[in-house]
Amino acid sequence: MQPTLALVVPLFNEEAAIEGVVRTTLATVAPLGDRVRLVLVDNGSTDGTAAVLAGLAPDPRLCRVCLPTNRGYGGGILAGLG
């Protein structure tokens, strides 16, 4: 089933914030059930962002995209839409 709502979140050196953002966002959109996707884009982070993303519990509502280099805010958004 295609999602009703997809939220793209570009991340750059956000290892400390990711888990809170994911938890809060998924709780907010919980009424949509599996019709929502949260696309988390590691936009070339140099901290532990990629490791935090990899360590998130499996969830069908989460999609992870890791870019090797920072493509700027717009580039992160476009990568998440792709």
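Residues numbered from 1 in each chain as written. Predicted model: local features only at pLDDT ≥ 70, side-chain atom pairs only at ≥ 80, totals over all residues. Heavy atoms only, no water.

Describing the overall build of the protein chain
Next, step 1: A count of helical and extended segments in the protein chain gives 3 helices and 3 strands.
Next, step 2: For the protein chain, the sequential pattern of α-helices and β-strands runs β-α-β-α-β-α.
Next, step 3: Relative to a compact globule of 82 residues, whose C-alpha radius of gyration would be 12 Å, the protein chain shows 12 Å and is just as compact.
Next, step 4: Taking all 82 residues of the protein chain together, 38% fall into the buried category.
Next, step 5: The long-range share in the protein chain, meaning contacts at least 24 apart out of those at least 6 apart in sequence, stands at 76%. (Helix = DSSP H or I, 4+ residues; strand = E, 2+ residues; numbered from the N terminus. Rg over C-alpha atoms; globule rule 2.2 N^0.38 Å. Buried < 20%, exposed > 50% of the residue type's maximum accessible area, 1.4 Å probe, protein only. Contact = heavy atoms within 4.5 Å.)

Comments concerning the pattern of salt bridges
Next, step 1: Counted according to the given criterion, the structure contains 1 salt bridge.
Next, step 2: Residue Asp-59 is joined to Arg-61 by a salt bridge in which the shortest nitrogen-to-oxygen separation is 2.8 Å. Both residues of the pair, Asp-59 and Arg-61, count as buried. (Salt bridge = Lys/Arg side-chain N within 4 Å of Asp/Glu carboxyl O.)

Quick look at the side chain of Thr-49
Next, step 1: Within the secondary structure, Thr-49 sits in helix α2 (residues 49-55).
Next, step 2: For Thr-49, a relative accessible area of 0% translates into the label buried.
Next, step 3: In this structure the side chain of Thr-49 is engaged in a polar contact, spanning 2.6 Å, whose partner is the side chain of Asp-47.
Next, step 4: Residues in contact with Thr-49, not counting those within four places in the same chain, are Leu-11, Asn-13, Glu-14, Glu-15, Ile-18 and Asp-42. (Polar contact = N/O pair within 3.5 Å; in protein donor to acceptor, adjacent residues only side chain to side chain.)

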